[in-house]
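Descriptive structure summary
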Amino acid sequence: MKNSGQLLSGADIFFECLRQEKVEYIFGYPGGAVLKIYEHLFDVDFLKHILVRHEQGAVHAAEGYAKASGKVGVVLVTSGPGATNTVTGIADAYMDSIPIVVFTGQVSSHLIGNDAFQEADIVGITRPITKHNFLVRNVKELAPTIRKAFYIAASGRPGPVVVDLPKDVIAAKCHFHYPEEVDLRGYKPTYKGHTNQIKKAAEIIAKAKRPLLYVGGGVIMSGSSEELKIFARENKLPVTMTLQGLGAFPGSDELSLGMLGMHGTYWANRAVDSCDVLVSLGARFDDRVTGKVDTFCTKAYKIHVDIDPTAIDKNVVVDLPIVGDVKHVLAELAAEMNAKPDTSAWLAQINEWREECPLSYDDKDGRLRTEFVIERICEKTNGDAVVVTDVGQHQMWTAQYYKYNTPRSNLTSGGLGTMGFSLPASIGAAFAVPDRTVISISGDGGFQMNIQELTTAAANKLPIKIFIINNSFLGMVRQWQELFHQEKFSFTDLSASNPDFVKVGEAFGIESYTTSDPKEVDGLLEKALAVKDRPVLVEFRVVKADMVFPMIPSGASISDMMVKRLNPKRML
Amino acid sequence: MKHTISVLVENHFGSFDRVATMFSGKGFNIRSISVGETEIEEISRMTIVTEGDDQIIDQFVKQLNRLIDTIKVVDLTGSPRVERELALIKVTVPKGAMEEIKNINDIFRGNIVDITNKSMTVEVTGPPDKIDAAINLLSAFGIKEIARSGIVALKRGEQVRIIKEKNLTT
Ligand SMILES: Cc1ncc(C[n+]2csc(CCOP(=O)(O)OP(=O)(O)O)c2C)c(N)n1
Ligand SMILES: [Mg+2]
């Protein structure tokens, strides 16, 4: 521990700041502009640096770490290509409001703007995809900037912050002081909701006949799952969740309607369509949820609780906005409830819808299907694992069939829909929560997008269950081609070109299995789940060309919901 | 509809960019933009004229407010305000037209700030429509070049001190 006031180099200050922020892990990759930091890192013992194999992987790992732990994820990369390789991950964190701080090396101050070797204007490049970013222009600014970066990333609506560190700033010296307080006059998040608005919300909910809670990732981020559980159960309110909201409320609870929106359950979408009061908690009326805005939830009085004032009235105009932290607002709301709504008839109606059109798949023909695999994974882990999915059909099937019991368990790229997210994010999660089971589920397409991170998983002996759902297609794109693009299956068939995934796993030193037999699934899952000291890979060769239902096409209404395939001949 | 938006912003590296990037990122056209210092050294005022539906501008003002570097953002449209712009208008001087141009300049209470035997530069200050009118009249002689400062604007009435907190409630 260095003393306050001591004369230190930028590199030393960097690590002192990380110590003050209680950083446990940095996900990074070295290079010229950050060599000085890596020189000092060599002797640092209070945090661990994890060497990824591509900088995009570092950012997704930091996201996975942040989402699983609730702490800020930290990335360190070099200038130029190192920095530009982080861009997709940063955009991903921005869309899903994940608190990360990305430190990028930069060429020396006097070279900035000269097209110097490995120079990229990463502050300019990331401006529209960060919550905020900084170029540190003087070593005296370094500690205050890092302090601000962590504060901004984690507070209010969380998000990514980039801190660009020129080489000369890292080498220069100054007296170290870590500021205790951050005062940003332009940034004062509102945590406490407006009392009168909350009172009014309580009155309206108490009088509702068909109330519905519409829950997003904000509930998980603010740590208000317990408050939500109590509130929903006390007042017998049904709960539907967004993709990011899954886990905020137990999926196995009878009040849970599962996910709403494009691939949401029939009954959740019917409930949204018919409810008379919709209470949105930490969700943002994203277009994958609303479909056509004009026909979305037209009968309801809408209450919208969000910490971000810009989320309100952005996509859907609401009747009662409450700007504040869901945790504070839910606690106050619960206290203000003077009467409980009578929802028994409403819940009975929802159950009728549940029976009218349940989630279903063909389990009679003896062929392996993703839905079955996910159901078995859920069963074998009691819905308690951290499940990190990639993007595509397998992601939607996981959202439908994995009944997350706890928050911070569902890690998936929602807003940006970034293929290649799962494997590196599961690495971050495995570091964040070493005592939990971490399962990575990827498609055969997305798995190949950050496949190099198998090295990181193997080198760190992370007990991740690496599951590949191999349908030999870019399945979700194929589904859209079949439904909306005249069955022109343009560049989505991977069957002839996919690698042998077992050999791939083995080449990375990872024990690997494959199956296409439903009867082998339980045995393989048990085997994989029993391994606690290294990764295991299992490829599930599933039916090609299956489709995810129900589906409300993009920009359409609930009345356009498709519940099964129209052209069965297309099944392979 | 035209909107005049006043943005108080930290006067440091990259903060003007952030505001301007927000306009392009959300698909808004900037009709005019002006930046200058305020009574507080480290705070600048940007006055931006843009076009859009009221509801979209409302949402956009919130987005601007959300930026860490912005301290206060107000849409001045609809409130009583003073708007001023400055223009330098360089006109050709056809033979015998000198007097007439000087007359127009006087009517607009302008200044002749540069003169040669072929051209004159007229400086006009005022609300944008006054400047439009001056340009319109002068164009009869042939305009060589125009430079306009973009609008600066303040709300009328008692001064509102720059507040330390953003008004974030809706
Ligand atoms: C980086 C990136 N590129 C392209 C896409 C478009 N995309 C969305 S889903 C998908 C198919 C994914 O295929 P696969 O990983 O095999 O998963 P499946 O849908 O078959 O389960 C594609 C290409 C994307 N989301 N991300
Ligand atoms: Mg696939």
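The text that follows walks through the structure, step by step, so that each part is easy to find. (Residues numbered from 1 in each chain as written. Chains lettered and ligands numbered in written order. Predicted model: local features only at pLDDT ≥ 70, side-chain atom pairs only at ≥ 80, totals over all residues. Heavy atoms only, no water.)

A few points about the overall build of chain A
What chain A contains, in helices and strands, is 22 helices and 20 strands. The C-alpha atoms of chain A give 24 Å as radius of gyration, which agrees with the globular expectation for 572 residues (25 Å, within 12%). Seen through its principal axes, chain A has C-alpha atoms that stretch 70 × 60 × 45 Å. When the 572 residues of chain A are sorted by exposure, 61% land in the buried category. A separation of at least 24 residues holds for 75% of the contacts in chain A among residues at least 6 apart in sequence. Carbon together with sulfur atoms contributes 51% to the accessible area of chain A, which is approximately 21,800 Å² in total. Here chain A contributes 61 positive and 67 negative side-chain charges, whose respective centroids are spaced 1 Å apart. (Helix = DSSP H or I, 4+ residues; strand = E, 2+ residues; numbered from the N terminus. Rg over C-alpha atoms; globule rule 2.2 N^0.38 Å. Buried < 20%, exposed > 50% of the residue type's maximum accessible area, 1.4 Å probe, protein only. Contact = heavy atoms within 4.5 Å. Areas by Shrake-Rupley, 256 points an atom, 1.4 Å probe, with all protein chains shown as cover. Lys, Arg positive; Asp, Glu negative; His and termini not counted. Charge placed at Lys NZ, Arg CZ, Asp CG, Glu CD.)

Details of the coordination of the magnesium ion (ligand 2)
All names here are of chain A. The protein atoms that coordinate the magnesium ion (ligand 2) are Asp444 (OD), Asn471 (OD1) and Phe473 (O), at distances spanning 2.1 Å. Relative accessible area serves as the criterion here: at 1%, Asp444 is assigned to the buried category. Classification of Phe473 by relative accessible area gives buried; the value is 6%. (Donors = N, O, S within 2.8 Å, 3.2 Å for Na, K, Ca; no water.)

With respect to the site of ligand 1
Residues and elements named next belong to chain A. The environment of ligand 1 is formed by 17 residues, the closest being Gln393, Gly417, Asp444, Gly446 and Gly475. Separating an oxygen atom of ligand 1 from a backbone N or O atom of Gln393 is a distance of 2.8 Å. Within the contact set of ligand 1, an oxygen atom lies 2.9 Å away from a side-chain nitrogen or oxygen of Asn471. Contact with the protein chains covers 76% of the free accessible surface of ligand 1, which is 590 Å². The dominant element in the shell around ligand 1, judged by the number of residues it contributes, is helix 20 (residues 475-484), at three residues. Here the residues of the shell around ligand 1 sort into seven nonpolar, nine polar and one charged. (Near = heavy atom within 4 Å. Polar contact = N/O pair within 3.5 Å; in protein donor to acceptor, adjacent residues only side chain to side chain. Nonpolar A, V, L, I, M, F, W, Y, C, P; charged D, E, K, R; others polar.)

Observations regarding unusual backbone geometry
Residues and elements named next belong to chain A. Cis geometry is found at the peptide bond from Phe549 to Pro550, where omega equals 0°. Mapped onto the elements of the fold, Pro550 is located in the segment after strand 20 (536-541). One non-glycine residue, Asp115, adopts positive backbone phi at about 55°. Overall, the relative accessible area of 73% leaves Asp115 in the exposed class. Phi is positive for Glu487, which is not a glycine, with a value near 55°. Its location among the elements puts Glu487 in the loop between helix 20 and helix 21 (501-507).

So, the nonpolar core
All names here are of chain A. Ranked by size, the top nonpolar core spans 66 residues in total, and within it Ile303 and Phe540 carry the most contacts. Excluding anything up to four places from it in sequence, Ile303 contacts Ala201, Ile204, Ile205, Val277, Leu278, Val279, Ser280, Leu320 and Ile322. Val52, Leu423, Phe447 and Ile468 belong to the second largest nonpolar core, which has 48 residues in total. (Core = buried A, V, L, I, M, F, W, Y, C linked by side-chain atoms within 4.5 Å.)

Observations regarding helix 9 (residues 195-207) of chain A
Residues and elements named next belong to chain A. Across its 13 residues, helix 9 extends 19 Å between first and last C-alpha, which sits within 8% of the 18 Å expected from 1.5 Å per residue. Among all positions in helix 9, only Ile198, Ala201, Ala202, Ile204, Ile205 and Ala206 are buried. In this structure, the buried residues of helix 9 make contact with helix 11 (225-235), strand 12 (277-281), strand 13 (301-306), strand 14 (320-323) and helix 14 (326-336). (Expected span 1.5 Å × (residues − 1).)

Some remarks on the packing of helix 1 (residues 10-20) of chain A against helix 7 (residues 139-154) of chain A
When two helices pack together, their arrangement is given by the angle between their axes and by how far apart the axes lie. Residue and element names in this part refer to chain A. Put simply, helix 1 and helix 7 touch, their axes get as near as 10 Å, and they point 25° apart. The angle between helix 1 and helix 7 falls in the class roughly parallel. You can see that helix 1 and helix 7 cross each other, and the crossing is right-handed. Within the contact between the two elements, helix 1 uses Gly10, Ile13, Phe14, Cys17 and Leu18 and helix 7 uses Val139, Leu142, Ala143, Ile146 and Phe150. Grouping the constituent residues of the contact of helix 1 with helix 7 by class yields nine nonpolar, one polar and no charged. (Axes fitted to C-alpha atoms, helices over the stretch in contact; angles between N-to-C directions. Parallel < 35°, antiparallel > 145°, perpendicular 65-115°, else oblique. Left-handed = near helix turned anticlockwise from the far one by under 90°.)

Brief notes about the pairing of strand 18 (residues 465-470) of chain A
All names here are of chain A. Counting buried residues along strand 18, six of its six residues qualify, which places the element largely inside the surrounding structure. Residues of strand 18 alternate between two faces, with Lys465, Phe467 and Ile469 on one and Ile466, Ile468 and Asn470 on the opposite face, all of them buried. Two elements, strand 17 (residues 438-443) and strand 18, share five bridges in a ladder whose sense is parallel. Bridging across to strand 18, Ser440 finds its partner in Ile466. Direction of pairing for strand 18 relative to strand 20: parallel, over a ladder of six bridges. Paired with Ile469 across the two strands is Phe540, which belongs to strand 20. (Pairing = 2+ DSSP bridges.)

Things to note about the sheet that holds strand 2 (residues 25-28) of chain A
Residues and elements named next belong to chain A. Read across the sheet, six strands follow the order 3-2-4-5-7-6 without closing on themselves; strand pairing throughout is parallel. Where the open sheet ends on each side, the last strands, each with one partner, are strand 3 (48-51) and strand 6 (132-135). Sheet twist, expressed as the average angle between the axes of neighbouring strands with direction ignored, equals 20°. Relative to strand 3, strand 2 runs parallel, the two being bridged by four bridges. Across the sheet, the residue bridging to Ile26 is His49, located in strand 3.

Focus: the sheet that holds strand 2 (residues 30-37) of chain B
All names here are of chain B. Read across the sheet, four strands follow the order 2-3-1-4 without closing on themselves; strand pairing throughout is antiparallel. The open sheet has two edge strands, strand 2 and strand 4 (70-75), and neither has a second partner. With strand direction ignored, the average angle separating the axes of adjacent strands in the sheet is 15°. Bridging between strand 1 (residues 2-10) and strand 3 (residues 43-51) involves nine bridges; their strand directions are antiparallel. Looking at strand 3, one finds that Leu8 is bridged to Arg45.

With respect to the interface of chain A and chain B
Taken together, the contact pairs 25 residues of chain A with 24 residues of chain B. In total, about 2,200 Å² of surface goes out of reach between chain A and chain B, with carbon and sulfur atoms giving 54% of it. Close ionic contact of Glu42(B) with Arg185(A) constitutes a salt bridge, the shortest N to O distance being 3.4 Å. At the boundary of chain A and chain B, one finds nine residue pairs in polar contact (both at pLDDT 80 or more). Secondary structure elements with two or more residues in the side of chain A that touches chain B: strand 6 and strand 14 of chain A. (Buried area = accessible area lost by both parts, 1.4 Å probe. Salt bridge = Lys/Arg side-chain N within 4 Å of Asp/Glu carboxyl O.)

Quick look at helix 7 of chain A
Residue and element names in this part refer to chain A. The terminal C-alpha atoms of helix 7 lie 24 Å apart, and with 16 residues this matches the ideal 22 Å at 1.5 Å per residue to within 8%. At Thr145, helix 7 shows its largest bend, some 25°. Looking only at helix 7, the buried set comprises Val139, Leu142, Ala143, Thr145, Ile146, Arg147, Ala149, Phe150, Ile152 and Ala153. Two to three positions downstream of the cap, the backbone nitrogen of Lys140 sits 2.8 Å from a side-chain oxygen, assigning the N-cap of helix 7 to Asn138. (Bend = angle between axes of the 7 residues up to and from the residue.)

Re the pattern of salt bridges
All names here are of chain B. Taken as a whole and assessed by the stated rule, the structure comprises 34 salt bridges over all chains. The salt bridge partner of Arg148 is Asp132, with a shortest N-O separation of 2.9 Å. Pair noted here: Arg148 is in strand 8 (residues 143-148) and Asp132 is in helix 4 (residues 128-138), with a separation of 16 residues, a long-range link. With relative accessibility at 41%, the residue Asp132 sits in the partly exposed group.

By themselves, these are just geometric observations and shouldn't be taken as functional.
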